Amino acid sequence: MAYTSLYRRFRPDTFDKVIGQEHIVKTLKNQIINHAVSHAYLFCGTRGTGKTSVAKILARAVNCLEPVGGSPCGKCESCMEMKLSTNFDVMEIDAASNNSVDQIRDLTEKVQFAPARENGYKVYIIDEVHMLSKSAFNALLKTLEEPPLHAIFILCTTEVHQIPQTILSRCLRFDFRLIPTKKLVDHLKSVYNAVGAKYDEDALMLIAQAGAGSVRDTLSIADMCLSYCSDNVTYNGVLEVLGQSDPKSILSLTGDILTQNTAAALEKIAKICDSGKSVQILASGIAENIRNLLFIKKCPTANRYIGLPSELFDEADRLQKKIDTAKLLSALDIFTSLEGEFRYTSQARIIFEAAVVKAALTETAEALPSSQKNVSVPKVAPKETAKVEGVIAPKTKAEVKKTDAPKPDPRALKIWSDVIATVANDSEMSLKGEYDSFLKFAVSDGEPFVEGDKLVVYFADGQPFIIVDKPENRALIKKIVLDLSGLEFVAKKKLVLSDDNTKSYLKSLFDNDLKIK
Ligand SMILES: [Zn+2]
């Protein structure tokens, strides 16, 4: 018999089996019980959170002859037809491949015909509905404005901001939440128990964390682990499937960075990278560790939420006591902003290593004695002092902002977030081709400040600035900013890693082995 994936095998067939969406399930069950279903639903949320599963259950429930507590009974004639896929009143359409106006017109014509069963419903589940063309949306809108009594539309999307307002206002909207790790672990347990697999508790936590709130992703990983570990899922087996490094070594690396043990950190990175691990995964692993340290520092019940094995938690707890909050925050800032920088570079490892050095050397104002607060030279660990003599130390990111621009003010941030939304939503622009999809990324990199009648926005010196500074793009953003705020848009480069001093400084640390583009 062909293998059925865990995700399909354990797909919920009643509302009560849906995980982590209680707020939605409760409303839908009540609608069925009270015969008060809507004619248009919008299910939005991240992939794998249950939108299509709930849509299918709803389609079966409205047609079920004897629903049980709002869920389909699974036994009646209608439910049996759905199981055997011989019911043609429920249609599932993938808008990614059926997005033309003709296909939607065809659908809206067919919806006028009565369903096969008396008192039944014709249910149209349109997946990835944001992929519909503008004219297809218009065709759909006409039907949504005056739907036949027997029609129900369930629109599913991961990109709700791309749905026209006219459609949104006709739909009953449900936002699907990411599933908490704890619930994913419980679900994994019941799934593995049901298939008779053995497992380590720690391994389940690792799988659930990698699933990042998505049931589908979690069960796909669980599937891979099951075949890789041949029915005994171990912690190390899961690590290998995920291509991750051992969390203990990542935590120890994080500790080296935060305690300014730069040499040890760089050696560890070389070893990990040479074993074929990706720099991106390593960087996000460090960011996650720093986040955990902050959580432990600020929240007495942290381990309930971050879910580390007890040995790792104790180690992290010891580490966080040695490091102050401001240092953790600035290091977190450095590692999370890397994700954006990786998109524009073929030199990920160099960018990463530079970030490690920067994070290790950044001494926060809070940690310095007050007499040193005005000195712009970062405190350097004794080991490195000899190497950097005679080199002008770089400004830290915080200091660049302090001297070159005022503090970010809420007004600037609000205007800029509107600009980002406008650029992302403008369908005219996205039709112009590949180039503008880069503009979306580039504008999201900007750090805005209002200076007099100007909106000055700082971009990373590299692709973000180059893209924004193209004449046609600059003119476009200028117009959007002017329309939104009446301010004049000015683009400037961030000085962080482009600073010549920083380059020579980093070169000296790496004994001139560092190649900077
Ligand atoms: Zn039934």
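That block above? That's the structure.
If you're wondering where the values come from, they're calculated on a predicted model, not measured in any experiment.

What counts, and where the lines are drawn
- Residues numbered from 1 in each chain as written.
- Predicted model: local features only at pLDDT ≥ 70, side-chain atom pairs only at ≥ 80, totals over all residues.
- Heavy atoms only, no water.
- Buried < 20%, exposed > 50% of the residue type's maximum accessible area, 1.4 Å probe, protein only.
- Helix = DSSP H or I, 4+ residues; strand = E, 2+ residues; numbered from the N terminus.
- Pairing = 2+ DSSP bridges.
- Donors = N, O, S within 2.8 Å, 3.2 Å for Na, K, Ca; no water.
- Tetrahedral: all angles 85-135°; square planar, octahedral: opposite > 155°, others 65-115°.
- Axes fitted to C-alpha atoms, helices over the stretch in contact; angles between N-to-C directions.
- Contact = heavy atoms within 4.5 Å.
- Salt bridge = Lys/Arg side-chain N within 4 Å of Asp/Glu carboxyl O.
- Phe/Tyr/Trp six-rings, centres within 6.5 Å; stacked < 30°, edge-to-face > 60°.
- Parallel < 35°, antiparallel > 145°, perpendicular 65-115°, else oblique.
- Left-handed = near helix turned anticlockwise from the far one by under 90°.
- Right-handed = clockwise from strand over helix to strand, strands pointing away.

Focus: the pairing of strand β1 (residues 40-44)
Inference 1: Among the five residues in β1, five count as buried, and that is most of the element.
Inference 2: Residue alternation in β1 divides its side chains into two sets, A40, L42 and C44 and Y41 and F43, and both sets are buried.
Inference 3: Note that β1 and strand β4 (residues 151-157) share five bridges and pair parallel. Looking at the pairing, C44 lines up with T157 of β4.

So, the coordination of the zinc ion
Inference 1: Summarising the metal site, the zinc ion is bound by the protein donors C64 (SG), C73 (SG), C76 (SG) and C79 (SG), whose distances to it range over 2.2 to 2.3 Å.
Inference 2: Coordination at the zinc ion comes from four donor atoms whose angles at the metal span 103 to 117°, giving a geometry best classed as tetrahedral.
Inference 3: In the primary structure, the donors to the zinc ion are separated according to the pattern C-x8-C-x2-C-x2-C. Placement of the pair is C64 in the loop between α3 (51-63) and α4 (77-83) and C79 in helix α4, with a sequence separation of 15 residues.

Quick notes on the sheet that holds strand β3 (residues 122-127)
Inference 1: Pairing is parallel in the open sheet, where five strands are placed in the order β2-β3-β4-β1-β5. Either end of the sheet is taken by a strand with one partner, and the two such strands are β2 (90-94) and β5 (172-175). Neighbour-to-neighbour, the strand axes of the sheet open up by a mean angle of 15°, direction not taken into account.
Inference 2: Packing against the sheet, α3 makes contact with β1, β2, β3 and β4, and its axis sits at approximately 175° to β3.
Inference 3: Across the sheet, helix α5 (residues 101-110) touches β2, β3 and β4, and the angle it forms with β3 is around 160°.

What to know about the environment of L312
Inference 1: Considering the arrangement of structural elements, one finds L312 in helix α16 (residues 310-321).
Inference 2: For L312, a relative accessible area of 8% puts it in the buried group.
Inference 3: Linking L312 and P247, residues 65 residues apart in sequence, is a C-alpha distance of 8.0 Å.
Inference 4: Sequence-distant contacts of L312, that is, excluding residues within four places in its chain, are made with Y235, P247, K248 and L251.

Focus on the pattern of salt bridges
Inference 1: A full pass over the atoms with the stated rule returns 21 salt bridges.
Inference 2: Between E81 and R117 there is a salt bridge, with the nearest N and O atoms lying 3.1 Å from each other. With E81 in helix α4 and R117 in the loop between α5 and β3, this residue pair connects regions lying 36 residues apart in the sequence.
Inference 3: Across the pair R170 and E145 runs a salt bridge whose closest N-O atoms are separated by 3.5 Å. Here R170, found in the loop between α7 (165-168) and β5, pairs with E145, found in helix α6 (residues 134-145); they are 25 residues apart in sequence, far enough to count as distant.
Inference 4: Judged by relative accessible area, R170 falls into the partly exposed class, the value being 41%.

Describing the sheet that holds strand β9 (residues 454-459)
Inference 1: Pairing within the open sheet is mixed, and its three strands lie in the order β8-β9-β10. The two strands at the open ends of the sheet, each matched to only one other strand, are β8 (447-451) and β10 (488-493). Mean inter-strand twist for the sheet, computed between neighbouring axes without regard to direction, equals 25°.
Inference 2: Across six bridges, the pairing between β9 and β10 is parallel. Across the sheet, the residue bridging to V457 is A491, located in β10.
Inference 3: Of the strands in this sheet, β9 and β10 touch helix α25 (residues 471-485), which is tilted by about 130° from β10.

Observations concerning the packing of aromatic side chains
Inference 1: Scanning all chains against the criterion turns up ten aromatic pairs.
Inference 2: Ring geometry for Y124 against F153: centres 5.5 Å apart, planes inclined by 20°, an arrangement best described as stacked. Placement of Y124 in strand β3 and of F153 in strand β4 is noted, with a sequence separation of 29 residues between them.
Inference 3: Residue class for F153 comes out buried when judged on its relative accessible area of 0%.
Inference 4: Through successive ring pairs, a cluster of aromatic residues spans Y41, F43, F174 and F176.

Side note on unusual backbone geometry
Inference 1: If you check the backbone angles, E128 has positive phi at about 50° while not being a glycine.
Inference 2: Mapped onto the elements of the fold, E128 is located in the loop between β3 and α6.
Inference 3: The backbone of Q260 shows a phi angle near 65°, a positive value even though the residue is not glycine.
Inference 4: Its place among the elements puts Q260 in the loop between α12 (247-258) and α13 (262-274).
Inference 5: Overall, Q260 belongs to the buried group, its relative accessible area being 18%.

Notes on the packing of α13 against helix α18 (residues 348-361)
Inference 1: Following both chains from N to C, one finds α13 and α18 inclined at 155°, their axes separated by 10 Å at the closest point. Relative to α18, α13 is oriented roughly antiparallel. Pair α13 / α18 crosses with right-handed handedness. Residues T262, A265, L266, I269, A270, C273 and D274 of α13 form the contact with α18, whose participating residues are R349, F352, E353, V356, V357 and A360.

Side note on the pairing of β3
Inference 1: Most of β3 is tucked away: six of the six residues are buried.
Inference 2: Pairing of β2 with β3, which is carried by five bridges, proceeds in the parallel orientation. By the bridge assignment for β3, I93 is matched with I126.
Inference 3: Where β3 lies against β4, five bridges are found, and the strand directions are parallel. Its bridge partner being in β4, I126 is matched across the sheet by L155.
Inference 4: Running through α6, the crossover from β3 to the neighbouring parallel element β4 is right-handed.

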